[in-house]
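For reference, the chains in residue letters:
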Amino acid sequence: MPAHSIHVELHCHTVASMDGLMTFDSLVATAGQIGLDAVAITDHDTMTGAVEFQRRAQEQKLPLQIIVGEEKTLDDGSHFIGLFLEKPIQSGDLKNAIEEVAGQGGLCLVPHPFRQKDGLFRDGLDRLALFEGRTAGFELFSAKCSFEENRRASELLSRGSLTPFGGSDAHYECDLGECLNEITDAGGVRTSVQAMFERRAPYRILGKPQAAGSAERRYAPWYYRVKKYVSLPKFVVPAARQCYRRFRNLKHGVGPKLLREVYRHA
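Residues numbered from 1 in each chain as written. Predicted model: local features only at pLDDT ≥ 70, side-chain atom pairs only at ≥ 80, totals over all residues. Heavy atoms only, no water.

### Remarks on the sheet that holds strand 10 (residues 260-265)
Consideration 1: Spatially, 7-6-5-4-3-2-1-8-9-10 is the arrangement adopted by the ten strands of the open sheet, whose pairing is mixed. Two strands close off the open sheet at either side, each with one partner strand: strand 7 (163-167) and strand 10. Between one strand axis and the next, the sheet turns through 30° on average, direction left out of account.
Consideration 2: This element, helix 1 (residues 24-34), spans strand 1 (5-12), strand 2 (38-41), strand 3 (65-73) and strand 8 (179-184) of the sheet and lies at about 140° to strand 2. (Pairing = 2+ DSSP bridges. Helix = DSSP H or I, 4+ residues; strand = E, 2+ residues; numbered from the N terminus. Axes fitted to C-alpha atoms, helices over the stretch in contact; angles between N-to-C directions. Contact = heavy atoms within 4.5 Å.)

### Describing the nonpolar core
Where a protein is soluble and globular, its nonpolar side chains tend to be buried together.
Consideration 1: Of all hydrophobic cores here, the largest spans 62 residues; its most connected members are Ile67, Phe80 and Phe131.
Consideration 2: When residues no more than four places from it in sequence are discounted, the contact partners of Ile67 are Val8, Leu10, Ala38, Val39, Ala40, Ile41, Leu83, Phe84, Val189 and Val193. (Core = buried A, V, L, I, M, F, W, Y, C linked by side-chain atoms within 4.5 Å. Buried < 20%, exposed > 50% of the residue type's maximum accessible area, 1.4 Å probe, protein only.)

### Topic: the packing of aromatic side chains
Consideration 1: Counting across every chain of the model gives seven aromatic pairs.
Consideration 2: Considering the side-chain rings of Phe114 and Phe121, the 6.3 Å spacing of their centres and the 55° angle between planes classify their relative orientation as tilted.
Consideration 3: Given the relative accessible area of 7%, Phe114 is considered buried.
Consideration 4: Phe121 sits in the buried class, given a relative accessible area of 0%.
Consideration 5: Among the aromatic residues, those joined into a cluster by ring pairs are Tyr172, Tyr244 and Phe247. (Phe/Tyr/Trp six-rings, centres within 6.5 Å; stacked < 30°, edge-to-face > 60°.)

### Some details on the pattern of salt bridges
Consideration 1: Following the criterion strictly, the structure yields 19 salt bridges and no others.
Consideration 2: Ionic pairing is found between Arg56 and Asp25, a salt bridge with its closest N-O pair at 3.9 Å. Taken together, the positions of Arg56 in helix 2 (residues 48-59) and Asp25 in helix 1 put the pair 31 residues apart, joining distant regions of the chain.
Consideration 3: On the basis of relative accessibility, which here comes to 26%, the residue Arg56 falls in the partly exposed class.
Consideration 4: For Asp25, a relative accessible area of 52% puts it in the exposed group.
Consideration 5: We note a salt bridge from Glu182 to Arg204, for which the minimum N-O separation is 2.9 Å. Of this pair, Glu182 sits in strand 8 while Arg204 is found in strand 9 (residues 203-207), placing the two residues 22 residues apart along the sequence. Arg204 shares its class with Glu182; the two are buried.
Consideration 6: Look at the salt bridges and you will find they share partners, linking Asp76, Arg122, Asp123 and Arg127 into a network. (Salt bridge = Lys/Arg side-chain N within 4 Å of Asp/Glu carboxyl O.)

Structure (structure tokens):
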């Protein structure tokens, strides 16, 4: 890679998301430890957190750049990301959602494309045609997907219509930086990310090591086991979530991660 490059996280959730727990201060501090130049905030079905985080970062004149995005839940439960948004995605129909993002001059991203519970291509590649002629990408490596799901995503490389990117799908501080995009600096975050997705500049995807057979990373597996039998009182839930956040951060560590090269575009 050229000496002048930037490190960008393209899939991240905050307290504004229904399942994210990163505050502005904790996100900024962790991004600084990792050496991130930019973070795309892609909260579930809202961009209010991304707008707020971007405003605060700009007001404080921080070096960290915040990209405004949204991870939209479509009508069938699958997920779709828009980046560099000016307004939220309204439609639950993929074709219309793509048009909305394109109409704003944004970028269309397909997160965890083959994940069974919410992958856009979990039932086949028919929807791939909707991205023809668009500047769009697919998550080649997701730090929250299984080895097999990421392997299936690699098969999209031969299709050629979508540009590969990597994402941590971070919900806690310890998740941030599990997958990074090292992009040639084209004179700013927006122009650099645009050049990456248009394949006009070299870039690399760096992801955490993953062994064959490794499963999807699930949050609070104990919770999913007992959820059908036990219901926590609502007033206890916020404290329980914070306890689990501290546990995860302590267990996995917050800061730089050992990463390997997953993909290189020269």
